[in-house]
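As a plain string of letters, each chain reads:
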Amino acid sequence: MKRTILGLVLIAMIGWVLVDFVGKDVAEPDSGRTPVLSTNTEDEGVEEAAAQDTVGVGRGQIAPDFELRTLEGETVRLSDYRGQRVFINFWATWCPPCRAEMPDIQKISEEEDVAVLAVNLAYTEKDPGDAGRFAEEFGFTFPMPLDEDGRLAEEYRVFAYPTSYMIDSEGRVQFVAMGAMNYDMMRRELSKLK
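A brief structural summary.

**Considering the nonpolar core**
Across soluble globular proteins, nonpolar side chains show a tendency to be buried alongside one another. Ranked by size, the top nonpolar core spans 25 residues in total, and within it Phe 87, Trp 91, Met 102, Phe 142, Met 144 and Met 166 carry the most contacts. Elements with a contribution of two residues or more to this core: strand S3 (86–91), helix H3 (96–111), strand S4 (115–120), helix H4 (130–138), strand S6 (173–178) and helix H6 (183–191). The element best represented in this core is H3, accounting for 4 residues. With near-sequence residues (within four places) excluded, Met 144 lies in contact with Arg 69, Thr 70, Leu 71, Trp 91, Met 102, Ala 118 and Ala 135. The next biggest cluster of nonpolar side chains, apart from the first, holds 21 residues, and it includes Leu 68, Leu 117, Val 158 and Val 173.

**As for the sheet that holds S3**
Reading across the sheet, the 4 strands line up as S4-S3-S5-S6 and stay open at both edges, with mixed pairing between neighbours. The sheet is open, and its two edges are formed by S4 and S6, each paired on a single side. Strand after strand, the sheet turns through a mean of 15 degrees between neighbouring axes, direction not considered. Pairing of S3 with S4, which is carried by 6 bridges, proceeds in the parallel orientation. If you follow Trp 91 over to S4, its bridge partner there is Asn 120. Packing of H6 onto the sheet brings it into contact with S3, strand S5 (163–167) and S6, and relative to S5 it is tilted by some 30 degrees.

**Comments concerning the pairing of S4**
A large share of S4 lies buried, amounting to 6 of its 6 residues. Of the two faces of S4, the one lined by Ala 115, Leu 117 and Val 119 and the one lined by Val 116, Ala 118 and Asn 120 are each fully buried. Handedness of the crossover is the feature at issue here: the chain leaves S3, passes through H3, returns alongside S4, and the resulting connection is right-handed.

What counts, and at which threshold
- Residues numbered from 1 in each chain as written.
- Predicted model: local features only at pLDDT ≥ 70, side-chain atom pairs only at ≥ 80, totals over all residues.
- Heavy atoms only, no water.
- Core = buried A, V, L, I, M, F, W, Y, C linked by side-chain atoms within 4.5 Å.
- Buried < 20%, exposed > 50% of the residue type's maximum accessible area, 1.4 Å probe, protein only.
- Helix = DSSP H or I, 4+ residues; strand = E, 2+ residues; numbered from the N terminus.
- Contact = heavy atoms within 4.5 Å.
- Pairing = 2+ DSSP bridges.
- Axes fitted to C-alpha atoms, helices over the stretch in contact; angles between N-to-C directions.
- Right-handed = clockwise from strand over helix to strand, strands pointing away.

Below, the structure is given as structure tokens:
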């Protein structure tokens, strides 16, 4: 009985997040972002042309630049990775799906020619040291920038945990995943990036 109720609550929450996410795209047409509302391939060329020079988180748009401090205290800027494929993952230690996909992200970072930036949603953590302890315990080697005030999560519209963005070598968003991915899905989507 408890599992059924928990499952229904979880489904309702995911549904609310998706409705909220889609609703914001439609409700904010003047926000500088080009909403992608159609998956019709005839419209793709028009949408990509419209998104060509805009900064935003929609497919084909230039990913918003950011500057964050990593667990090691180094500064990371997205623009420093221009010319490389980039896999940005927003995660938290308290999030079971986030924790579950981290070993696959480590494997991707070792096997693929891609820069991984695992942005910890530090403003949601109970203890500021949680992310560092988690990374050390599992031996993760990719950079873990800290979103300490939630501004980056807001700009990248992170409403579900984890959320991942795959950015091509020109700095354009090519894939967004709201929710956990597995290794095969990560590889498949990365193979589509130039």
